[in-house]
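Structural description and commentary
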Amino acid sequence: MDWKKIMDTYNKRILLSVTGMSPAVVTETLYALVTEKNFIPTEIQVITTIQGRNKLLSALLGIEAERKERKGALQEFIEDYGSQYGFDHIHFNEDCIHIIEDTNGEQLPDIRTPKENEHAANSIVQLVGKLCQDDETQLHVSIAGGRKTMGFFMGYALSLYGREQDSLSHVLVDEEFETLSNFYYRKPKEYRIVNDRNGKELDASQANIMLAEIPWVRLGLGVPEDLKQQAISYSDSVKNAQALLEAPSLTFLSPIEDCLVTFGSKTIKLAPRGYALFLSLVIAKKQGWNVGTGNREEARTIETYLKIYRQMKNDVEMENRLKGANNDLKNVLSESRTDINKKVMANFSLGKGAKSDYIPFSNRKTGNYELNIHLDNIDVSKIESDLKRLKLI
């Protein structure tokens, strides 16, 4: 990770942390980012439980029973290191704390059951997806706090929806300091604290805190609309990702008029234009010719496309668009691809910019449309009689 480039490029840099009963992981991660990487987050966002929220308010913001009682560890950190590293504010308030909810919108006090764990997964995936919507922001995800499964869900969500500029880490702290309730980061000067377990006095300026950067696989699924509307669960996200990672396969279902194609294990009803292009591409691939414009096979493309399209619609306008030397084939193929794209994106919960072998692509050099699926994984046997009747095979 080029931390300087990130600092220079993104004015909004978010530290996203998951916490439980140890809010210190937030300031420990902040300390490591600032002092090791010279990386200054502009804001902090945290996902936790009701109990975790109360701990955060008390420790980081100095708020007790909804009243400001003292500075809080975050303000102390800014005063200790702000002038040295060039910052005087990091945005964090009660609105930056996201409490895990169940399906009824009830906030969870803790995570102790499999069902509560599932709610945590859904909340984490939805929050990470939400924060990844803005391409002008950078997200640094810390998995140091909370229950172990929460950290896993956070890392997995970043793999699903994270961008090239995002990063992932864990923070490592000297054993003698990591369990102390009154330790939040390494102090710049001598600062005595007492171990509340054994009464031993320690100097917080001698603590070692190290950032462990974690490599992660960016699946590049983008942020889908159903995630933005909080209509997709963690398990749905897993299923969709798994379906896209498997070798793509297509099965065309009978009758042709229904426009039904099974993509892997998902059966999707395509729009007539999308279906006509999709099946034209498969026929061309099997017979060794190209679907496209401005080539010697343009007439064959139009003939094949219309034979299929007519099975679904009696459309005089489409017939006219594809007539003669000044036909509108280029736009028709582009519109047809868009129809396919919309259906695949919606059914596999893909976001803007995501790629899939199920979506045909246009070769910029040749202008031809291509389908990146092996012939062995394309089954047209169920519509073979229709294809023979239309003299397409």
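Shown above is the structure to which this text applies.
Residues numbered from 1 in each chain as written. Predicted model: local features only at pLDDT ≥ 70, side-chain atom pairs only at ≥ 80, totals over all residues. Heavy atoms only, no water.

1. Focus on the overall build of the protein chain
- Within the protein chain, the secondary structure is distributed over 14 helices and 17 strands.
- The C-alpha radius of gyration of the protein chain comes to 28 Å, more than 25% above the 21 Å expected for a compact globule of 393 residues.
- Sequence separation of 24 or more characterises 68% of the internal contacts of the protein chain that already satisfy a separation of 6 or more.
- As displayed, the protein chain offers around 19,600 Å² of accessible surface, 45% of which is attributable to carbon and sulfur atoms.
- Charged side chains in the protein chain number 50 positive and 55 negative. The centres of these two groups are separated by 6 Å. (Helix = DSSP H or I, 4+ residues; strand = E, 2+ residues; numbered from the N terminus. Rg over C-alpha atoms; globule rule 2.2 N^0.38 Å. Contact = heavy atoms within 4.5 Å. Areas by Shrake-Rupley, 256 points an atom, 1.4 Å probe, with all protein chains shown as cover. Lys, Arg positive; Asp, Glu negative; His and termini not counted. Charge placed at Lys NZ, Arg CZ, Asp CG, Glu CD.)

2. Some details on the packing of aromatic side chains
- For the coordinates displayed, the defined rule picks out 16 aromatic pairs.
- Residues Phe77 and Tyr185 carry aromatic rings whose centres are separated by 5.2 Å and whose planes lie at 85° to one another, so their mutual orientation is edge-to-face. Taken together, the positions of Phe77 in helix α4 (residues 73-85) and Tyr185 in the loop between α7 (175-178) and β8 (192-194) put the pair 108 residues apart, joining distant regions of the chain.
- Judged by its relative accessible area of 0%, Phe77 falls in the buried class.
- On the basis of relative accessibility, which here comes to 3%, the residue Tyr185 falls in the buried class.
- Measuring from ring centre to ring centre gives 6.1 Å for Tyr81 and Tyr185, while their planes differ by 70°; the resulting arrangement is edge-to-face. Taken together, the residues Tyr81 in helix α4 and Tyr185 in the loop between α7 and β8 connect sequence positions 104 residues apart. (Phe/Tyr/Trp six-rings, centres within 6.5 Å; stacked < 30°, edge-to-face > 60°. Buried < 20%, exposed > 50% of the residue type's maximum accessible area, 1.4 Å probe, protein only.)

3. Considerations on the side chain of Glu43
- Within the secondary structure, Glu43 sits in strand β2 (residues 43-48).
- Engagement of the side chain of Glu43 in a polar contact is seen with the side chain of Gln45, the distance being 2.7 Å.
- Filtering out sequence-adjacent residues up to four positions away, Glu43 remains in contact with Lys12, Arg13, Ile14, Leu15, Ile90 and His91. (Polar contact = N/O pair within 3.5 Å; in protein donor to acceptor, adjacent residues only side chain to side chain.)

4. A short note on the sheet that holds β2
- Read from one edge of the open sheet, six strands run β5-β2-β1-β6-β7-β10, paired in mixed fashion. What marks the edges here is a single partner per strand, and that holds for β5 (97-99) and β10 (209-213). Averaged over all neighbouring strand pairs, the angle between strand axes comes to 25°, with direction disregarded.
- Where strand β1 (residues 12-18) lies against β2, five bridges are found, and the strand directions are parallel. Opposite Ile14, over in β2, you have Glu43 as the bridge partner.
- In the packing of helix α6 (residues 148-161) onto the sheet, contacts are made with β1, β2, β6 (137-142) and β7 (167-173), and the angle to β1 comes to roughly 145°. (Pairing = 2+ DSSP bridges. Axes fitted to C-alpha atoms, helices over the stretch in contact; angles between N-to-C directions.)

5. Here's the deal with the packing of helix α10 (residues 272-287) against helix α13 (residues 329-347)
- One way to put it is that α10 packs onto α13 with a least axis distance of 7 Å and a crossing angle of 100°. Classed by the angle they form, the pair α10 and α13 counts as roughly perpendicular. Contacts between α10 and α13 involve Arg273, Gly274, Leu277 and Phe278 from the former and Leu333, Glu335, Ser336, Arg337, Asp339 and Ile340 from the latter.
- For the contact of α10 with α13, a count of residues per class yields four nonpolar, two polar and four charged. (Parallel < 35°, antiparallel > 145°, perpendicular 65-115°, else oblique. Nonpolar A, V, L, I, M, F, W, Y, C, P; charged D, E, K, R; others polar.)

6. Observations concerning α10
- Taking 1.5 Å per residue, 16 residues should reach 22 Å; α10 reaches 22 Å between its end C-alpha atoms and fits that length.
- Residues of α10 that are buried include every one of Gly274, Tyr275, Ala276, Leu277, Phe278, Leu279, Ser280, Leu281, Val282, Ile283 and Ala284, and no others.
- Looking one or two places after α10, you find Gly288, whose phi comes out positive at around 80°. (Expected span 1.5 Å × (residues − 1).)

7. Details of the environment of Lys4
- Mapped onto the fold, Lys4 is located in helix α1 (residues 3-9).
- Taking relative accessible area as the criterion, Lys4 reaches 59% and is therefore assigned exposed.
- Sequence-wise, Lys4 and Ala73 are 69 residues apart; in three dimensions their C-alpha atoms are separated by 26 Å.

8. Quick word on the sheet that holds strand β16 (residues 368-370)
- On the basis of which strands lie adjacent, the open sheet formed by three strands has the order β14-β16-β15 and antiparallel pairing. Both outer strands of the open sheet, β14 (291-292) and β15 (361-362), are each paired with one neighbouring strand and no more.
- In terms of strand pairing, β14 meets β16 through two bridges, oriented antiparallel. The partner of Gly292 across the bridge, within β16, is Asn368.
- Across the sheet, α13 touches β14, β15 and β16, and the angle it forms with β16 is around 20°.

9. Focus on the pairing of β7
- Counting buried positions along β7 gives five out of seven residues, so the element sits mostly inside the fold.
- Pairing between β6 and β7: three bridges, direction parallel. Bridge pairing in β7 places Val141 opposite Leu168.
- Pairing geometry for β7 and β10, over five bridges, is antiparallel. In the strand pairing of β10, Ser169 is matched with Glu213.

10. A closer look at the nonpolar core
- Formed by 48 residues in total, the largest nonpolar core has its most connected members in Leu250, Phe252, Phe263, Tyr275, Phe278, Leu279 and Tyr305.
- Residue assignment for this core shows that the elements contributing at least two residues are β11 (250-252), β12 (260-263), α10, α11 (298-309) and α13.
- Among the elements that take part in this core, α10 stands out by supplying nine residues, more than any other.
- Setting aside residues up to four positions removed in sequence, Tyr275 forms contacts with Phe252, Leu253, Ile256, Cys259, Leu260, Val261, Leu270, Ile308, Met312 and Ile383.
- Val26, Val46, Ala144 and Tyr185 belong to the second largest nonpolar core, which has 43 residues in total. (Core = buried A, V, L, I, M, F, W, Y, C linked by side-chain atoms within 4.5 Å.)

So, to be careful, I would describe these as geometric facts and stop short of saying anything about function.
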